[in-house]
Amino acid sequence: GENVEQHPSTLSVQEGDSAVIKCTYSDSASNYFPWYKQELGKRPQLIIDIRSNVGEKKDQRIAVTLNKTAKHFSLHITETQPEDSAVYFCAATPNYQLIWGAGTKLIIKP
Amino acid sequence: DSGVTQTPKHLITATGQRVTLRCSPRSGDLSVYWYQQSLDQGLQFLIQYYNGEERAKGNILERFSAQQFPDLHSELNLSSLELGDSALYFCASSVEGGRSYGYTFGSGTRLTVV
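Predicted model only: the values in this text are computed from it and were never measured.

Draft legend 1. Spatial organisation of the interface of chain A and chain B. In this assembly, 17 residues from chain A lie in contact with 23 residues from chain B. Roughly 1,700 Å² of surface becomes buried between chain A and chain B when both sides are summed, with 56% attributable to carbon and sulfur atoms. Our enumeration of links across chain A and chain B arrives at zero salt bridges. At the boundary of chain A and chain B, one finds six residue pairs in polar contact (both at pLDDT 80 or more). Looking at the side of chain A that touches chain B element by element, the count peaks at three residues for strand β4 (residues 32-38) of chain A.

Draft legend 2. Layout of the sheet that holds strand β3 (residues 19-25) of chain A. Residues and elements named next belong to chain A. Here we have five strands laid out as an open sheet, ordered β1-β3-β8-β7-β6, and antiparallel in their pairing. Two strands in the sheet have a free side with no partner beyond their single neighbour: β1 (4-7) and β6 (56-59). Strand after strand, the sheet turns through a mean of 15° between neighbouring axes, direction not considered. Across six bridges, strand β7 (residues 62-67) lies against strand β8 (residues 72-77) in antiparallel orientation. Each residue of the ladder has a partner; that of L66, found in β8, is F73.

Draft legend 3. Structural context of the layout of surface pockets. Quantified by volume, the largest pocket comes out at close to 590 Å³. Lining of the largest pocket is provided by 25 residues; of these, L40 and V87 of chain A together with Q37, D40 and Q41 of chain B occupy positions nearest its centre. Among the elements of the structure, β9 (86-92) and β11 (104-109) of chain A together with β9 (87-94) of chain B are those that each provide at least two residues to the lining of the largest pocket. Of the residues assigned to the lining of the largest pocket, the class counts are nine nonpolar, 12 polar and four charged. In this model, the second largest pocket occupies a volume close to 200 Å³. Around the second largest pocket sit 15 residues that line it, and L98, I99 and W100 of chain A together with L43 and F45 of chain B are the ones nearest its centre. Only β10 (99-100) of chain A together with β5 (44-50) of chain B provide two or more residues apiece to the lining of the second largest pocket.

Quick notes on the rules
- Residue positions are counted from 1 within each chain, in the order its sequence is given.
- Chain letters and ligand numbers both follow the written order, the letters beginning at A and the numbers at 1.
- This being a predicted model, a pLDDT of at least 70 is required before a residue's local features are given, and a value of 80 or more before pairs of side-chain atoms are given or counted; all residues contribute to the totals for chains, interfaces and linings.
- Values reported for side chains reflect all heavy atoms of the structure, with hydrogen atoms and water molecules removed beforehand.
- In what follows, residue pairs with any heavy atoms lying within 4.5 Å of each other are defined as contacts.
- The term buried area refers to how much accessible surface (probe radius 1.4 Å) is lost by two components on association, counted for both of them together.
- Each reported salt bridge corresponds to a side-chain nitrogen of Lys or Arg within 4 Å of a carboxyl oxygen of Asp or Glu.
- Polar contact is the term for a pair of N or O atoms within 3.5 Å; when the atoms are in protein, one must be able to donate a hydrogen and the other to accept it, and sequence-neighboring residues count only if both atoms are side-chain atoms.
- A helix here means a DSSP run of H or I that spans at least four residues, while a strand means a run of E at least two residues long, and both kinds are numbered starting from the N terminus.
- One requirement defines pairing of two strands: DSSP has to find at least two bridges between them.
- Note on geometry: axes are lines fitted to C-alpha atoms, helical ones only across the stretch in contact, with angles between N-to-C directions running from 0 to 180 degrees.
- Space inside and on the surface of the protein is sampled on a 1 Å grid over the protein atoms alone, with a cavity defined as a set of points where a 1.4 Å probe fits but cannot get out and a pocket as an open set with protein on both sides within 12 Å along at least 5 of 7 lines; lining residues have an atom within 4 Å of a point.
- Grid points are joined across faces, edges and corners, and a volume is the space filled by probe spheres set on the points.
- Charged means Asp, Glu, Lys or Arg here, nonpolar means Ala, Val, Leu, Ile, Met, Phe, Trp, Tyr, Cys or Pro, and polar covers whatever is left, Gly included.

Function cannot be read off these values alone, since they describe shape.
Given below as structure tokens:
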């Protein structure tokens, strides 16, 4: 079955700098890759997703890239702000069930 | 409001007791997923229902059970509760068959076992 590894587990960046979180997956049949943001004590919320027929997708300060050959995808956040502090989860799926990464705690230093 | 409704929001109960958590999926969504999230941990998949039928099982304890009713709402039953069962329990729903496979999460039920 699918296995998703996410790195790093904790990422601390200066406000205004960029942050990159990386995930690798094992099942080449996976075709959908969402990213969720979870603020402390709140529900995970979908922030961006990408399908296997696309290499990159952007939404304002957030972008996701996908390398199908290497089986990895990354979340890029530019010009980080205090409200970006949260736990970010990646996921992958070859069917309708999402397989989750372990999460990355992003800390934005003032 | 995500459209996925979970009740209750908070629950405090004693060890050995039984509780029922409820989830109403977003309108039009046929799948319901249950997750457990302990403090500072990831999302542990428990079980999935699709249109009333169990579709997938994760690391769900035998003390836990779930079902999805004809109106598509779901209940997660936790029995013989232990201190380690204290966690946030999330329900998520999704529509299958469409282009989006994304899940929409409810706000969760925070269970405290004392």
